[in-house]
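Each chain is listed here by its residues.
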Amino acid sequence: MSSSDSIDAPSDIPDQPEHSGTGLDPAIAEAVDGVTNRFGAEGLEQMITYAEKSLATARAALEQLADTPD
């Protein structure tokens, strides 16, 4: 691949905020920033909607496990 084929981000895109001091897992920050950079606000809204559904499913599963006798 030649340097002209590079897929590096354009230099005019502002740097993403640092997430290091927040206790946020870097993989989560990378996923959110990646969606934001690739799909913009609309994609981020879709990601949040999907994440809320996934969160509800995970919480229901945990509740079901908590109700199961050992």
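Scroll up a little and you will see the structure.
Thresholds, definitions, all that
Residues numbered from 1 in each chain as written. Predicted model: local features only at pLDDT ≥ 70, side-chain atom pairs only at ≥ 80, totals over all residues. Heavy atoms only, no water. Helix = DSSP H or I, 4+ residues; strand = E, 2+ residues; numbered from the N terminus. Buried < 20%, exposed > 50% of the residue type's maximum accessible area, 1.4 Å probe, protein only. Areas by Shrake-Rupley, 256 points an atom, 1.4 Å probe, with all protein chains shown as cover. Expected span 1.5 Å × (residues − 1). Bend = angle between axes of the 7 residues up to and from the residue. Patch = residues over 30% accessible without salt bridge, like charges linked within 9 Å, V, L, I, M, F, W, Y side chains within 5 Å. Salt bridge = Lys/Arg side-chain N within 4 Å of Asp/Glu carboxyl O.

K.L.:
Could you clarify how one ought to interpret the overall build of the chain in this entry?
P.N.:
Of the regular secondary structure elements, the chain holds one helix and zero strands. Relative to its 70 residues, the chain shows a buried fraction of 6%. Here the chain has roughly 6,300 Å² of accessible surface; of this, 57% comes from carbon and sulfur atoms.

K.L.:
Honestly, the environment of Asp33 in this entry has me stumped. Any pointers?
P.N.:
Looking at the element boundaries, Asp33 is found in helix α1 (residues 26-67). The exposure class of Asp33 is buried, given its relative accessible area of 14%. Taking the C-alpha atoms as reference points, Asp33 and Leu44, separated by 11 residues in sequence, lie 8.9 Å from one another.

K.L.:
Would you mind going over α1 with me for this structure?
P.N.:
Within an α-helix, residues lying three or four positions from one another point in the same direction, as the helix has 3.6 residues per turn. Between its terminal C-alpha atoms α1 stretches only 33 Å, short of the 62 Å expected from 42 residues at 1.5 Å a residue. Of all the bends in α1, the greatest measures close to 130° and is centred on Phe39. Those residues of α1 that fall on the buried side of the exposure criterion are Ala29, Asp33, Val35 and Gly43.

K.L.:
Got a minute to help me understand a nonpolar patch on the surface in this structure?
P.N.:
On the surface, Leu24, Ile28 and Val32 cluster together into a nonpolar patch covering about 210 Å² of accessible area. The topology assignment puts Leu24 in the segment before α1. The partly exposed category is assigned to Leu24, whose relative accessible area is 35%.

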